[in-house]
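Summary of structural features
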Amino acid sequence: MNAMLLNLSLFKAGWVAAVFAAAASLPVLGTAVIAIAVAIHLWRTDEPRSEVLLLAMAAAIGFVWESLLVYTGIVQYGANAAFATVAPYWIVALWVLFATTLNVGMRWLRKNLLIAGIFGALGGPMSFLAGEKAGAVSFSDASTALAVIGLGWAVLLPLLVRYAARNEERVAVVSQPAI
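A brief look at the structure comes next. As the structure is a computational prediction, the values presented were derived from the model and not from experiment.

**Section: a nonpolar patch on the surface**
- A cluster of nonpolar side chains, Trp108, Leu114, Ile115, Ile118, Phe119, Leu122 and Met126, forms an exposed patch at the surface whose accessible area comes to about 700 Å².
- Locating Trp108 in the fold gives a position in the loop between α4 (89-99) and α5 (113-134).

Written as structure tokens, this is what we have:
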């Protein structure tokens, strides 16, 4: 199967599983699907160490950003009632899953960081709106939440894309044999 098609299919399957499982108060189920998708991605990659660094960076950024959204009351996750001021693990897992696409299915974003920002500004809110319709997340004020999410993704997606490219370049330099 084409690597890009497999990558994007795994992403979509993981996203759907995570969102609908969280909406059904079964976030561990969706997170397990994400873990399988990430494992397949790491198994297929030529540079697993580089990918693990990218996925860890995405997890850290996702945790901080999503926790900020939760802490300020912009978004609420029903399955996160026990820790109402931090991001739930399943949404952080979605950030990791999304990062698996940055060097494969969404590699094209590297060509222009402005396009990556626009893609983030539109795609982030659309994804959250779909999650809200599924019942996985709710907003204190939908217009404000979607605007803040769009602004956040407009900044964070180009940063992740740039990190993915630089990380890959760094690993390529380190991997080259000495002359």
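**Focus on the pattern of salt bridges**
- Tallying each qualifying case throughout the model produces 1 salt bridge.
- Measuring nitrogen to oxygen at the nearest pair gives 3.9 Å for the salt bridge that ties Glu132 to Lys133.
- Exposure remark for Glu132: the relative accessible area of 27% places this residue in the partly exposed category.
- Taking the relative accessible area as the measure of exposure, Lys133 reaches 66% and is therefore exposed.

**Observations concerning the environment of Ile91**
- Examined against the element boundaries, Ile91 turns out to sit in helix α4.
- Exposure remark for Ile91: the relative accessible area of 7% places this residue in the buried category.
- It is 12 Å that separates the C-alpha atoms of Ile91 and Leu69, two residues lying 22 residues apart in sequence.

**Here we look at helix α1 (residues 3-23)**
- Helix length check: α1, at 21 residues, gives a terminal C-alpha distance of 30 Å against a target of 30 Å (1.5 Å per residue), a fit within 8%.
- Taken residue by residue, α1 has Leu6, Asn7, Leu10, Phe11, Gly14, Trp15, Ala18, Val19, Ala21 and Ala22 as its buried positions.
- The inward-facing, buried residues of α1 abut α2 (27-44), α4 and α5.
- Backbone nitrogen of Met4 and a side-chain oxygen of the N-cap are separated by 2.7 Å at the start of α1; the cap is Asn2.
- Trailing α1 by a residue or two, Ser25 shows a phi angle of about 60°, which is positive.

**Details of the packing of aromatic side chains**
- On inspection of all chains with the given rule, the structure shows 5 aromatic pairs.
- Between the aromatic rings of Tyr77 and Trp90, the centroid separation amounts to 5.4 Å while the plane-to-plane angle is 90°, which identifies the pairing as edge-to-face. In this pair, Tyr77 sits in the loop between β1 (75-76) and α4 while Trp90 sits in helix α4, placing the two residues 13 residues apart along the sequence. No difference in accessibility class separates Tyr77 from Trp90, as the two residues are buried.
- Ring centres of Trp108 and Phe119 lie 5.4 Å apart, and the angle between their planes is 85°; this geometry places the pair in the edge-to-face category. Taken together, the residues Trp108 in the loop between α4 and α5 and Phe119 in helix α5 connect sequence positions 11 residues apart.

What counts, and where the lines are drawn
Residues numbered from 1 in each chain as written. Predicted model: local features only at pLDDT ≥ 70, side-chain atom pairs only at ≥ 80, totals over all residues. Heavy atoms only, no water. Patch = residues over 30% accessible without salt bridge, like charges linked within 9 Å, V, L, I, M, F, W, Y side chains within 5 Å. Areas by Shrake-Rupley, 256 points an atom, 1.4 Å probe, with all protein chains shown as cover. Salt bridge = Lys/Arg side-chain N within 4 Å of Asp/Glu carboxyl O. Helix = DSSP H or I, 4+ residues; strand = E, 2+ residues; numbered from the N terminus. Buried < 20%, exposed > 50% of the residue type's maximum accessible area, 1.4 Å probe, protein only. Expected span 1.5 Å × (residues − 1). Contact = heavy atoms within 4.5 Å. Polar contact = N/O pair within 3.5 Å; in protein donor to acceptor, adjacent residues only side chain to side chain. Phe/Tyr/Trp six-rings, centres within 6.5 Å; stacked < 30°, edge-to-face > 60°.

Don't take any of this as a statement about function, it's just geometry.
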